[in-house]
Amino acid sequence: MNLQVINRELLVGSIDIAGVASSSLVLIGDADIIQLTSAFDTPPESLIVGPFVPLTPKG
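Thresholds, definitions, all that
Residues numbered from 1 in each chain as written. Predicted model: local features only at pLDDT ≥ 70, side-chain atom pairs only at ≥ 80, totals over all residues. Heavy atoms only, no water. Helix = DSSP H or I, 4+ residues; strand = E, 2+ residues; numbered from the N terminus. Buried < 20%, exposed > 50% of the residue type's maximum accessible area, 1.4 Å probe, protein only. Areas by Shrake-Rupley, 256 points an atom, 1.4 Å probe, with all protein chains shown as cover. Patch = residues over 30% accessible without salt bridge, like charges linked within 9 Å, V, L, I, M, F, W, Y side chains within 5 Å. Salt bridge = Lys/Arg side-chain N within 4 Å of Asp/Glu carboxyl O.

Peer 1: Account for the overall build of the chain, with residues named and values stated.
Peer 2: A tally of regular secondary structure across the chain gives 0 helices and 0 strands. When each of the 59 residues of the chain is scored for burial, the buried share is 0%. As presented, the chain carries roughly 6,700 Å² of accessible surface, and 56% of it is formed by carbon and sulfur atoms.

See the structure below:
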C-alpha cells in the first residue's frame, strides 16, 4: 500500500467517540511509524460473544 500524506494545518476542537471496536486507533497529529500488535492467548472455545453493552451518552 502506498500512502501519500500532505501535512496542512489541523485544528481539532473536540472528539466524540460513540463506540469502540475490538481493534481501534484514534490518531490526531503526526506519527512517523504506527505499529499495532495484538495477542490473544485464550482458547477460542472459552470466548463468549454477546450481548454488547451499550455506551451511555454523556449527559
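Peer 1: Go over a nonpolar patch on the surface, please, and point to the residues and values.
Peer 2: Residues Leu10, Val12, Ile15, Ile17, Val20, Val26 and Ile28 make up a contiguous nonpolar surface patch of about 660 Å² in total accessible area. A relative accessible area of 44% means that isoleucine 28 is categorised as partly exposed.

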